[in-house]
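Structural overview for review
Each chain, written out:
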Amino acid sequence: MSNSVFFDKLIIIRNIIFSNKPLELSNAYEAAEKKLGFQLPQFLKDFYLIFGEELGILKCMYDIAAPMEMSVDDGILLIAKENQNVCGYGIDIQSQKVIYIDESNGVKNDIDKALDDFLLYLLALQCTEFFPSVGILEAEYAITLEKFMKRITLSKEDGAVYYIIDKSIGVRVGNEIYICMHNDNDLEEFENISGLLLEWL
């Protein structure tokens, strides 16, 4: 997707997460670029422009590096670690491919997600811990779900991200879709309107 489309999608997600509180852009990525000695990919710059100082969302399911926390290991820009140190993610500096890192043995493999889709997916994963009300839907109901939630990613399968303007983020992880809302009343209303039965967390 284009940089402008990606930026607009980040704003949509940011407004849902923070209930449309005033936007304060962060230029912390500029200091990170000076420290690292190279320019960040534009998608990552835009990500940090909006979320660079929002530690509440950066430090949830994954410990997403704040701009000055980023480091490089063997040509990989390290950007996130699962909070139990099971795995991590980075970006190959040359190819800009997203890299999965197995923390148990250090093996690195690129994943089948473009950087823009991956960053949207990573944000949505954070929502599963950040939001107080979360329900799980079996992925076989994804087609029905898309009648009530728009898909924001190009990915349709594992990694797909959905949203309802100003209200909800959804993310598909394997065969489950996590629906994240700010309160139980909204989650219950979504069940009633959609006819979809969620397993509440």
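Just so it is clear, the model here is predicted, and its values are computed rather than measured. (Residues numbered from 1 in each chain as written. Predicted model: local features only at pLDDT ≥ 70, side-chain atom pairs only at ≥ 80, totals over all residues. Heavy atoms only, no water.)

**A short note on the overall build of the chain**
A tally of regular secondary structure across the chain gives seven helices and 12 strands. In terms of overall size, the chain behaves like a compact globule, its C-alpha atoms giving a radius of gyration of 17 Å where 201 residues would be expected to give roughly 17 Å. Considered along the principal axes of its C-alpha atoms, the chain spans approximately 50 × 40 × 30 Å. Looking at the chain residue by residue over its 201 residues, the buried ones come to 50%. By sequence separation, contacts in the chain at least 24 residues apart represent 53% of the contacts at least 6 residues apart. In the form shown here, the chain has an accessible surface area of approximately 9,800 Å², with 47% of it arising from carbon and sulfur atoms. (Helix = DSSP H or I, 4+ residues; strand = E, 2+ residues; numbered from the N terminus. Rg over C-alpha atoms; globule rule 2.2 N^0.38 Å. Buried < 20%, exposed > 50% of the residue type's maximum accessible area, 1.4 Å probe, protein only. Contact = heavy atoms within 4.5 Å. Areas by Shrake-Rupley, 256 points an atom, 1.4 Å probe, with all protein chains shown as cover.)

**Some points on unusual backbone geometry**
One non-glycine residue, D74, adopts positive backbone phi at about 55°. Note that D74 resides in the loop between β2 (71-73) and β3 (76-82). Unusually for a residue other than glycine, N85 sits at a positive phi of about 60°. Position of N85 relative to the elements: it lies in the loop between β3 and β4 (87-92).

**Things to note about the sheet that holds strand β8 (residues 150-151)**
Across the sheet, six strands lie side by side as β8-β9-β10-β11-β7-β12; this open sheet has antiparallel pairing. At either margin of the open sheet sits one strand with a lone partner, and together these are β8 and β12 (199-200). Where strand β7 (residues 133-138) meets strand β11 (residues 176-181), six bridges bridge the pair, whose relative direction is antiparallel. Across the sheet, V134 pairs through a bridge with C180, a residue of β11. Helix-sheet contacts for helix α5 (residues 115-130) involve β7, β9 (161-164), β10 (168-173) and β11, and the interaxial angle to β10 is about 105°. (Pairing = 2+ DSSP bridges. Axes fitted to C-alpha atoms, helices over the stretch in contact; angles between N-to-C directions.)

**A closer look at helix α7 (residues 184-194)**
All of the buried residues along α7 are D186, L187, F190, E191 and S194. Projected onto a plane normal to the axis of α7, the buried residues spread over an arc of 145° and lie on a single side. Exposed and facing more than 90 degrees away from the buried side of α7 are N185, N192 and I193. Tucked into the core, α7 has its buried residues touching β7, α6 (142-145), β9, β11 and β12. The backbone nitrogen of N185 has a side-chain oxygen 3.1 Å away, supplied by the residue at the start of α7, namely N183. (Arc of directions from axis to C-beta. Polar contact = N/O pair within 3.5 Å; in protein donor to acceptor, adjacent residues only side chain to side chain.)

**Concerning the packing of aromatic side chains**
The relative placement of two aromatic rings is captured by the distance of their centres and the angle of their planes. All chains considered together, the criterion is met by eight aromatic pairs. Between F18 and F130 the ring centres are 6.0 Å apart and the planes differ by 75°, which places this aromatic pair in the edge-to-face class. Taken together, the residues span a long stretch of sequence, with F18 in the loop between α1 (3-17) and α2 (28-36) and F130 in helix α5 at a distance of 112 residues. According to the relative accessible area criterion, F18 is buried, its value standing at 13%. What makes F130 partly exposed here is its relative accessible area of 29%. Consider the rings of F130 and F131, whose centres lie 6.1 Å apart with planes at 65°: the pair is edge-to-face. Three or more aromatic residues link up through ring pairs in this structure, and these residues are Y62, Y89, Y100 and F118. (Phe/Tyr/Trp six-rings, centres within 6.5 Å; stacked < 30°, edge-to-face > 60°.)

**Structural notes on the packing of helix α3 (residues 42-51) against α5**
Running from N to C, α3 and α5 cross one another at 25°; their axes reach a closest spacing of 9 Å. In terms of axis orientation, α3 runs roughly parallel to α5. For the element pair α3 and α5, the recorded crossing hand is right-handed. Judged by residue contacts, F43, L44, F47 and F51 of α3 engage L115, D116, L119 and L123 from α5. (Parallel < 35°, antiparallel > 145°, perpendicular 65-115°, else oblique. Left-handed = near helix turned anticlockwise from the far one by under 90°.)

Note that every value here comes from positions in space, so none of it alone points to a role or purpose.
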